[in-house]
Amino acid sequence: MRWKHFDVEPILAFATQRGDIMTLNGKRIVVLGGSSGIGLAVAQAAAREGGSLVIASSNRARVDAALKNLPDGAEGHAVDLSSEAAIQSLFAALGGFDHLAYTAGENLQLATLNELDLDWARGFFAVRYWGALAATKHGAPFIRPGGSVTLTSGLAGTRPRAGWSVASSICGAMEGLTRALAVELAPVRINIVSPGVVKSPLWDAMPQDEREALYAGMAEKLLVKHVGEPEELAESYLYLMKQSYGTGQVIGVDGGGALV
């Protein structure tokens, strides 16, 4: 076979463009919920790849503590993520950026249906669902070309256990929201990570002995024989930021929890 001559310049230009997108070096990354757990791990991992970090959560002391574990120049903001007005003000002040990761949420609490207080259940959506929706609404106009939003759901959406009705509802709602926003906000990419059980401060409301029993019981059942660590989950968020072809996708990182 004889190869025909063709102009390589458009191909090289395309490769250069893709290479610019598929890196975090020099990118500005906003992590809401970035002061602890998965969010802090995402911020640290992105910083190691050359990203410029902005973190925010509701607690000023936790934000300040987290900044000590990030490079000089990282920004930290204390923001009520249940308030649309506060979220809108944050993005107006920040201006342009490249990627948004939303990992914020109150401490996880479980309740069986007969114990469930509906006012409490409604409130549980405030940060996890409405905060994520407000962050995407007000953050998306500032996202630069090639940028993305990565949200967070959880295995409870597809494999709930007794007492997980509220958590399961939120996870399912978040995944539906992701697909809808991917269509509406294109070409900005909107994806979501679905973690299994992860050793995170979000479980701190549970008594320590119950928490450790949960971790041990889950580890025994999981195919990988250990409960997730925030650093393991962080890599999934970075992948969704750097790749440039997937949108509206749910990435499950659950140690095989969906299979057992």
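Described in the following lines is the structure provided in the data block. Note that residues are indexed from 1 along each chain, following the sequence as it is written. Residue-level local features of this predicted model are given only where pLDDT is at least 70; pairs of side-chain atoms are given and counted only at 80 or more, and the full residue set underlies all totals for whole chains, interfaces and linings. Think of the side-chain values as coming from all heavy atoms in the structure, minus any hydrogens and water.

### Description of the overall build of the protein chain
For clarity, the cut-off: The helix and strand labels rest on DSSP assignments: H or I over at least four residues marks a helix, E over at least two residues marks a strand, and numbering proceeds from the N terminus. With C-alpha atoms as the basis for the radius of gyration, the globule rule is written as 2.2 Å multiplied by the number of residues raised to the power 0.38. Burial status follows relative accessibility: with a 1.4 Å probe on protein chains alone, a residue under 20% of its type maximum counts as buried, one over 50% as exposed, and anything between as partly exposed. Throughout, the Shrake-Rupley method with a 1.4 Å probe supplies accessible areas, and for residues the shown protein chains are the sole cover considered. Charge counting treats Lys and Arg as positive and Asp and Glu as negative, with His and both chain ends excluded. All charge positions are set by atom: Lys at NZ, Arg at CZ, Asp at CG, Glu at CD.
Within the protein chain one finds eight helices and seven strands. Rg of the C-alpha trace for the protein chain: 19 Å, near the compact-globule value of 18 Å for 260 residues, within the 12% margin. The C-alpha extent of the protein chain, read off along each of the three principal axes, is 70 × 50 × 35 Å. Looking at the protein chain as a whole, 47% of its 260 residues qualify as buried. Counting every atom, the protein chain has about 13,100 Å² of accessible surface; 56% of that belongs to carbon and sulfur. Considering the protein chain, the positive charge centre built from 22 side chains and the negative charge centre built from 26 side chains are found 6 Å apart.

### Re the pairing of strand β6 (residues 189–195)
The condition that has to hold: At least two bridges found by DSSP between two strands are what make those strands a pair.
Counting buried residues in β6 gives seven out of seven residues, a clear majority hidden from the surface. With burial as the criterion, each face of β6 is covered, one bearing R189, N191, V193 and P195 and the other bearing I190, I192 and S194. In the sheet, strand β5 (residues 143–152) pairs with β6 via five bridges, with the strands oriented parallel. Paired with V149 across the strands is I190, a residue of β6.

### Quick word on unusual backbone geometry
A cis amide bond links A186 to the next residue, P187, at an omega of 15°. Tracing the chain through its elements places P187 in the loop between α6 (165–184) and β6. Although it is not a glycine, K225 adopts a positive phi angle of roughly 65°. By the element assignment, K225 lies in the loop between α7 (208–221) and α8 (230–242).

### With respect to a nonpolar patch on the surface
Put simply, the rule reads: Patches here: salt-bridge-free residues with over 30% relative accessible area, like charges joined within 9 Å, nonpolar side chains (Val, Leu, Ile, Met, Phe, Trp, Tyr) joined within 5 Å. By salt bridge we mean one thing: a side-chain nitrogen of Lys or Arg within 4 Å of a carboxyl oxygen of Asp or Glu.
A contiguous nonpolar surface patch, about 380 Å² in accessible area, is contributed by L223, V224, L259 and V260. The exposed category is assigned to L259, whose relative accessible area is 70%.

### What about the sheet that holds β5?
Paired through their backbone hydrogen bonds, the strands of a sheet run either parallel or antiparallel. The test is simple: Axis angles are defined between N-to-C directions and span 0 to 180 degrees, where every axis is a line fitted to C-alpha atoms and, for a helix, only to the segment in contact. The contact rule is simple, with two residues in contact once any of their heavy atoms fall within 4.5 Å.
Taken in spatial order, the seven strands of this open sheet run β3-β2-β1-β4-β5-β6-β7, and their pairing is parallel. Since the sheet does not close on itself, it has two edges, and those belong to β3 (75–78) and β7 (250–253), each with one partner. Mean inter-strand twist for the sheet, computed between neighbouring axes without regard to direction, equals 20°. Across four bridges, strand β2 (residues 52–57) lies against β3 in parallel orientation. Along β3, the bridge assignment pairs A56 with H77. On top of the sheet, α6 reaches β5, β6 and β7; it is set at about 165° to β6, its chief contact.

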